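Each chain is listed here by its residues.
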Amino acid sequence: MGSPSAGREVHVRAPGKINVFLGVGSLQDDGYHDVAIAYQAVSLCEDVRVTAADGFSVAVSGSVELGRVPTDDRNIAIRAARLLAERTGYRGGVHIDIEKHVPVTGGMGGGSADAAATLLACDTLWGTELPRDAMLDLARRLGADVPFALTGGTAIGTGRGDELSPALAKGTFHWVLALADFGLSTPEVYAELDAHRARHRADISPAETAPTVDADVLQALRAGDPQMLAVALHNDLQAAALHLSPELGDVLELGERNGALAGIVSGSGPTVAFLTADLDAALELQVALSAAQLRVVRATGPVHGARVI
C-alpha cells in the first residue's frame with residue numbers, strides 16, 4: 001500500500017443526529033436491548049482533518065465542553081483509524097484533528113460522527129478505497145450510531161440501531177437544541193430504564209423484544225410536516241434521563257411554553273431538542289431560551305452524512 005503524499009490534509013464533515021423516535025426493547029440475556037430508531041442527521045457537525053504520520057494521534061478543539069474527550073487510544077477516532085489500517089493492511093499512521101460542535105455525551109452521536117468522519121478521511125488520505133459495504137461493517141464494529149453518521153439523511157435503525165434502511169423525508173425541519181453543562185452515560189440511562197420498568201412492571205405493559213418505529217413518525221417525515229412529527233416524537237429513554245437529571249423537565253417545559261411544537265430528550269440525553277414550526281419560530285425560541293441562561297444552538301435536518309469537504 002503506497003504512502004500518502006507528505007503534507008496532504010483531508011477534511012471530512014460528519015453530522016450529529018436527533019432520534020425523532022427511539023423505542024427500546026426488553027433487556028436481553030447478553031445485557032443489550034434491541035431498539036427501533038428514526039434518525040435524522042442535523043446541521044450541527046463535527047469537522048475532522050487528517051494528515052499522514054508515523055503513529056496514531058488526535059487533537060481536539062471546538063465550541064463544546066471538551067473535558068470528557070480522551071486524547072489517547074481510547075478516543076473513538078483513533079480506534080476507527082487503527083481499525084481501517086488493520087482491515088486494509090495499511091502500514092502508516094495518521095494525525096487526527098477534531099473540531100467538535102456536537103455536545104459531548106449529549107445523546108447526539110458526536111463521537112459516532114468523529115468515527116465515521118475518520119474512516120472516510122483516512123480511506124481518502126491513504127487511498128485504501130474500501131468498498132462501501134466494508135466501510136459500513138467497520139462502522140458497526142465501532143458503535144451502533146456510526147453507520148448512520150456515514151449515511152446521514154433520515155433512516156430507520158433496528159437491531160442495535162445499526163441495521164439501517166433509508167426513510168423518505170420531505171422538506172426541512174427546524175430544531176433548537178438546549179445544551180447541558182454535563183453529560184449522561186448511555187449505559188447508566190439504559191440501566192435506569194431497566195430499573196424503571198422493573199419498579200413499575202405492575203402498571204406498564206412489558207417491553208417488546210424487537211420494537212418498531214410508529215407509522216405516525218414515518219408518515220410525518222414523508223409529509224415534511226413538523227406539526228405531525230411533533231405529535232409523534234417519542235423516546236423510551238426520556239423518563240430514565242429525567243429521573244437521573246430532573247432539571248431536564250424544567251427545560252422541556254420552558255421550551256414548550258415559548259413556542260416549541262414539542263421537545264424531546266435526544267437519545268440518552270442530556271441535550272433537549274425542540275421542534276419548531278419554521279425558521280422564525282426557531283429564532284424566537286432561541287432568543288427566549290438564551291434569555292433564561294440556557295446554552296442553545298439552532299440546527300436543521302435532514303443533512304448529508306460524512307463527506308469530504
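The following paragraphs examine the structure supplied in this document. Please read all numbers here as calculations on a predicted model, not as lab measurements. (Residues numbered from 1 in each chain as written. Predicted model: local features only at pLDDT ≥ 70, side-chain atom pairs only at ≥ 80, totals over all residues. Heavy atoms only, no water.)

1. Comments concerning the packing of helix α2 (residues 110-126) against helix α3 (residues 132-142)
Argument step 1. Between α2 and α3, the shortest axis-to-axis distance is 10 Å and the interhelical angle comes to 145°. Remark: the crossing between α2 and α3 carries right-handed chirality. Here Ala115, Leu119, Leu120 and Asp123 of α2 come into contact with α3, specifically with Met135, Leu138, Ala139 and Leu142.
Argument step 2. Its residues assigned to classes, the contact of α2 with α3 comprises seven nonpolar, no polar and one charged. (Axes fitted to C-alpha atoms, helices over the stretch in contact; angles between N-to-C directions. Helix = DSSP H or I, 4+ residues; strand = E, 2+ residues; numbered from the N terminus. Left-handed = near helix turned anticlockwise from the far one by under 90°. Contact = heavy atoms within 4.5 Å. Nonpolar A, V, L, I, M, F, W, Y, C, P; charged D, E, K, R; others polar.)

2. Focus: the packing of helix α1 (residues 76-88) against α2
Argument step 1. Close contact between α1 and α2 brings their axes to 8 Å; oriented N to C, the two are set at 35°. Note that α1 runs across α2; the crossing there is right-handed. Residues Ile76, Ala77, Ala80, Ala81, Leu84 and Ala85 of α1 form the contact with α2, whose participating residues are Gly111, Asp114, Ala115, Thr118, Leu119, Cys122, Asp123 and Trp126.
Argument step 2. For the contact of α1 with α2, the residue count by class is 10 nonpolar, two polar and two charged.

3. Here we look at helix α10 (residues 279-291)
Argument step 1. Here α10 contains 13 residues, and its C-alpha end-to-end distance of 18 Å stays within 8% of the 18 Å for a straight helix at 1.5 Å per residue.
Argument step 2. In the core, the buried residues of α10 are packed alongside β7 (173-179), α9 (247-257), β10 (272-276) and β11 (295-301). (Expected span 1.5 Å × (residues − 1).)

4. Digging into the nonpolar core
Argument step 1. Ranked by internal contacts, the top residues of the largest apolar core, which has 39 residues, are Val50, Val94, Ile96, Leu119, Trp126 and Leu142.
Argument step 2. Secondary structure elements with two or more residues in this core: β1 (9-24), β2 (35-53), α1, β4 (93-100), α2, α3 and α4 (146-151).
Argument step 3. In terms of residue count, the dominant contributor to this core is α2 (10 residues).
Argument step 4. Judged by nonpolar contacts, the second largest core, of 29 residues, contains Val35, Phe148, Tyr190 and Ala240. (Core = buried A, V, L, I, M, F, W, Y, C linked by side-chain atoms within 4.5 Å. Buried < 20%, exposed > 50% of the residue type's maximum accessible area, 1.4 Å probe, protein only.)

5. Describing α3
Argument step 1. Every buried residue belonging to α3 is among Ala134, Met135, Leu136, Leu138, Ala139 and Leu142, and all of these are buried.
Argument step 2. Where the residues of α3 are buried, they touch α1, α2 and α4.

6. Brief notes about the pairing of β7
Argument step 1. Counting buried positions along β7 yields seven of seven residues, so the element is predominantly enclosed.
Argument step 2. One ladder, built from seven bridges, connects β7 with β11; its direction is antiparallel. Paired with phenylalanine 173 across the two strands is glycine 301, which belongs to β11.
Argument step 3. Two elements, β7 and β10, share five bridges in a ladder whose sense is antiparallel. Pairing of leucine 177 across the sheet is with alanine 273, part of β10. (Pairing = 2+ DSSP bridges.)

7. Digging into the pairing of β2
Argument step 1. Among the 19 residues that make up β2, 14 are buried, leaving the element largely enclosed by the rest of the structure.
Argument step 2. Sheet topology places β1 next to β2; 15 bridges connect them, and they run antiparallel. When the bridges of β2 are listed, histidine 11 appears paired with arginine 49.
Argument step 3. Sheet topology places β2 next to strand β5 (residues 154-158); four bridges connect them, and they run antiparallel.

8. Points about the sheet that holds strand β9 (residues 262-265)
In a beta sheet, neighbouring strands pair by backbone hydrogen bonds and run either parallel or antiparallel.
Argument step 1. One open sheet accounts for four strands, arranged β9-β10-β7-β11; its pairing is antiparallel. Looking at which strands have only one partner, the edges of the open sheet turn out to be β9 and β11. When strand polarity is set aside, the average angle formed by the axes of neighbouring strands in this sheet is 25°.
Argument step 2. Across the face of the sheet, α9 comes into contact with β7, β9 and β10 while running at roughly 15° to β10.
Argument step 3. Along the sheet face, α10 touches β7, β10 and β11 and points at about 165° away from the line of β11.

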